Amino acid sequence: MYCFVRSGKISVKAKYVYLIFSEDPKAFYIGQTQSAYGALGRLTQHMSETYSNTFIQKVLKFYDFDEVNLKKIHFFCFQIKDDANINSTAHLESVEFLVSEEFKKRIFKNGYSISLLSRVDYGGYEHLENIKSLSLTIVEEFLIELEKILSFAEN
Amino acid sequence: MTKYKGTYSASRLFDALAKIGYTPESAIQDIVDNSISANASTVQVNFLIEKETSEQGRSKPQIVHISIFDNGKGMNKAGLENALALGSSANEYTPTTLSKFGLGLKSASSSLGRKLSIISKAQDDDVYLAIVDQDAFENDEYTFTIEKLSGESKKAFLKKLSEVGAQAGTEIIIGKVKNENMPSYGSIVTELKNKTGIIYFPILRDEKVKIFINNDLIPAIDPLFRNEIDETECILNDHKWDGVSVKWNLKESYIQLSAGASSEKAILRIVQLPHPPSMNSNKILSQSNARKKYLIDAKNYGIFIYRNGRLISWADSITGLIPRDQDLYSYRGILELESSSDEVLNLDVTKSRVHFSDLALQDLSIQINETKKRSVNAWNFAKSTIREVDTNSDAVKAELAKLAIELEEEEEAEDQILPEADKERVKKAKNTLQTKTPPTEEEKKKVEEEGKPIIYVDALLNNSLWERAYDEKNGLIVKVNKSHRFIRTFEPIFRKNPEATYVFDLLIYSMVRSEYMMLKKCRTDFEAMDKVYTDFREETGNQLSEMMRELLERNSAIFDSDE
């Protein structure tokens, strides 16, 4: 078992929107965090045996598994800079919401059979232009990375 | 191990099939589905009635038979045998079929009557007549007859075909109608005529099929009235809606139907239909005509679920996600499924009950929870706009505005009697407070319109719930963040209870006034103290938002008001 981390900066406390992609079962999870341990810290929680392992809980729930035995996991995160005007958790949730909706739409339109397991409610700021444009940027970045993995898998 | 051949009672079997759950209208529509699946471009539904006189001497129409004629591809002898088999061959079904289990014709017709006759002609073939008469089952076994049709009956059928320019077609005739178990003839026909245009809307809209009921052509009716939406305008703004225009509440969202299943999805769209009293008030349509046109009524709000272009569930509440609430009368959506989703949705024989997976319900609840709030807010906003002057609410507003002025005057008076040493400091602080946070022109206008010093704005920095501002003309103003989760959740309650709004307004105004007074009297570092208040507002906003989110996650209906 090994793990490849491209940059240590993802352990820095900041605002992140992240994506977990599981190859088997084929599912993804989009979330946001401002954890003191950065996005990597949040991933650790998701994969742990603690109550914060929301990703694991969702897999168990939606796939009706008794236990989870994940194969390959890919993790992408987007660090939001301070000048992006994302000043509260509600703003960040709005970004997370729009990223989830747009990502789901693009996945379906591209014909990928991958389920989105995460749940995020409206944050209340989805109508703001900076939130919309940031969300689209994040979706584009995630799709670029995801498509690299998917086309590699197909070949 | 000994094997046995299973036995059955045909009469009891057909009784059971008859009770699967059809209404007369849905049974007829199920048979119409077969016509459409057979590529018919014309379907004619006709009722033959006779008058029956009751013991009280009143006459009422009784249905003698129901006929559903189409110019589809028709059936030869083998086709008729298959059609009458219990569980017709699945090979007959295409991916876009409206049919599913091969029981529809038998169960639908049994729910209506005890005799089923089918006259059918395939291209370049003879005309056949098949009859299933439940009163003629021999030895309680399921039997039917098929013979070539001849004589006057054949001529009549061929004439019908030629009238629609067809070489093939089918007529289903249901006799020995169970009038005693059915609603009145009038209500059946009315219900059929009212609903068929919506049920087959996509097919009728694209003019693939024409449906006639008692010779009346049924027009396509879009349950969302999308042709009235101005696509250049943005989606429903629940604080500005005029109450008379159809608006998108949710233009499009993809709903995942199941985890792990291929790419099964459905598309959800939701609109806000007009508020009938607003239509009346604006002299566009009377209330009753508006309700009639848009079908606004207790049974018609919710999600209309379509499968392969045909409605399968009318105004579905999606397992109670859409509660019974008259403030939701304008709330209507459609969910479009494809037949490839049948297995993940556990569609039943009547094709009218859908069972969603947990993942589908998760996706649906996110969108429905938000859009229904918007719909209720918009409905109540429209209501409040046309409401005649509510003297009680206006009186409270006026009192609050008056109180604000009186407090200003009192403050002026107090400042004048301060000790000399404090006067300069207080004057400087006051000046900073009054110039630091001026309201925008739009906000000033709102204060004038509202007639009170508390206004609701689109957003505030850092998700704060409130902020103070000062205007020379209007004095101290409180801006409340209407995008904050607390306000969004409680707004329906505030709208229904104006007094609750004023309790909240009073609390917020007194808090802001206290902030203002404390800062004015500040004897230490003004900037540092101002920062503390700013941080306090942000922290309160965030704490409240988190608490609301937590409470709503545990019980999404916790703050729903009773009907």
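Going by the structure above, here's the rest.
Here we summarise the structure given alongside this text. Computed from a prediction, not measured in an experiment: that's the story for all the values here.

So, the pattern of salt bridges
Residue and element names in this part refer to chain B. Scanning the entire structure with this criterion turns up 47 salt bridges over all chains. One salt bridge connects Glu-515 with Arg-468, and the closest N-O pair in it is separated by 2.4 Å. Taken together, the residues span a long stretch of sequence, with Glu-515 in helix 16 (residues 498-520) and Arg-468 in strand 15 (residues 466-471) at a distance of 47 residues. You'll find Glu-515 and Arg-468 in the same group, each marked buried. Note that Asp-530 is salt-bridged to Arg-468, the shortest N-O span being 2.9 Å. On the criterion of sequence distance, the pair formed by Asp-530 in helix 17 (residues 526-554) and Arg-468 in strand 15 is long-range, its members being 62 residues apart. Connected through salt bridges with shared partners, the residues Lys-436, Arg-468, Glu-515, Glu-527, Asp-530 and Arg-537 form a single ionic network.

Looking at the packing of aromatic side chains
One pass over the full model with this rule turns up 22 aromatic pairs over all chains. Here a set of aromatic residues connected by ring pairs shows up, and it is made of Phe-28, Phe-76, Phe-103 and Phe-142 of chain A. Seen from the ring of Trp-314 of chain B, Lys-195 of chain B lies directly overhead, with NZ or CZ sitting 4.5 Å from the centre.

Let's talk about the nonpolar core
Residues and elements named next belong to chain B. One finds Phe-47, Ile-68, Ile-303 and Leu-335 to be the most contacted residues of the largest nonpolar core, which totals 94 residues. With residues up to four places along the chain from it excluded, the contact list for Ile-68 reads Ile-28, Ile-31, Val-32, Ser-35, Val-43, Gln-44, Val-45, Thr-170, Glu-171, Ile-172 and Ile-174. The next biggest cluster of nonpolar side chains, apart from the first, holds 27 residues, and it includes Val-478, Phe-494, Val-512 and Leu-519.

Focus: the sheet that holds strand 16 (residues 475-481) of chain B
Residues and elements named next belong to chain B. Pairing is mixed in the open sheet, where three strands are placed in the order 14-16-15. Taken across any chain shown, the strands that pair with only one partner, and hence form the sheet edges, are strand 14 (454-457) and strand 15. Averaged over all pairs of adjacent strands, the angle between strand axes in this sheet comes to 30 degrees, irrespective of strand direction. Here strand 15 pairs with strand 16 via six bridges, running antiparallel. What sits directly across from Tyr-470, in strand 16, is Leu-476. On the sheet, helix 14 (residues 441-450) packs against strand 14, strand 15 and strand 16 and is oriented at approximately 125 degrees with respect to strand 14.

Conventions adopted
Residues numbered from 1 in each chain as written. Chains lettered and ligands numbered in written order. Predicted model: local features only at pLDDT ≥ 70, side-chain atom pairs only at ≥ 80, totals over all residues. Heavy atoms only, no water. Salt bridge = Lys/Arg side-chain N within 4 Å of Asp/Glu carboxyl O. Helix = DSSP H or I, 4+ residues; strand = E, 2+ residues; numbered from the N terminus. Buried < 20%, exposed > 50% of the residue type's maximum accessible area, 1.4 Å probe, protein only. Phe/Tyr/Trp six-rings, centres within 6.5 Å; stacked < 30°, edge-to-face > 60°. Lys NZ or Arg CZ within 6 Å of the ring centre and 35° of its normal. Core = buried A, V, L, I, M, F, W, Y, C linked by side-chain atoms within 4.5 Å. Contact = heavy atoms within 4.5 Å. Pairing = 2+ DSSP bridges. Axes fitted to C-alpha atoms, helices over the stretch in contact; angles between N-to-C directions.

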